[in-house]
Amino acid sequence: SLFQLCVLPFCPESPSFLIRAKGPAAASATLRLLHQHESASTHMDTLQQQVEDGNGDDDMTIVELLQSTKLRKQVVVGIVIKMGVQFSGIDAIFYYSTMMFRDAGV
């Protein structure tokens, strides 16, 4: 986490955030840093289309997310998967796996 804290100021901001917050020029500059020219123009066109269509423009609260009928299936699947990971103990296996392999002589 210390490494991330040191490196984060040097990371470019998300083009989708920039196009909404600072306009297309800032988003385009970041895309040119991250992509080749052709790819950057394609991404920029897509971002501008999404902004014009209003996709991803509205934020939802947790209550709205849980009450949304359009997203109910995705929310339930995400919750079930997360619960399965928690109840299976796979995180504990990943955490202790190096110690188990070392003790086993592998």
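Residues numbered from 1 in each chain as written. Predicted model: local features only at pLDDT ≥ 70, side-chain atom pairs only at ≥ 80, totals over all residues. Heavy atoms only, no water.

Caption draft 1: Quick look at the overall build of the protein chain. Counting its secondary structure elements, the protein chain contains seven helices and zero strands. Element order for the protein chain, N to C, with α for helix and β for strand: α-α-α-α-α-α-α. Expressed as lengths along the three principal axes of its C-alpha atoms, the size of the protein chain is roughly 55 × 40 × 25 Å. Burial analysis of the protein chain (106 residues in total) assigns 13% to the buried set. (Helix = DSSP H or I, 4+ residues; strand = E, 2+ residues; numbered from the N terminus. Buried < 20%, exposed > 50% of the residue type's maximum accessible area, 1.4 Å probe, protein only.)

Caption draft 2: How the structure looks around the side chain of Thr 30. Among the structural elements, Thr 30 can be located in helix H3 (residues 24-34). Leave out the neighbours within four places in its chain, and Thr 30 touches Pro 12, Glu 13, Pro 15 and Leu 18. (Contact = heavy atoms within 4.5 Å.)

Caption draft 3: Layout of the environment of Ser 1. Mapping Ser 1 onto the fold places it in the segment before helix H1 (2-7). Counting along the chain gives 58 residues from Ser 1 to Asp 59, while the straight-line C-alpha distance between them is 28 Å.

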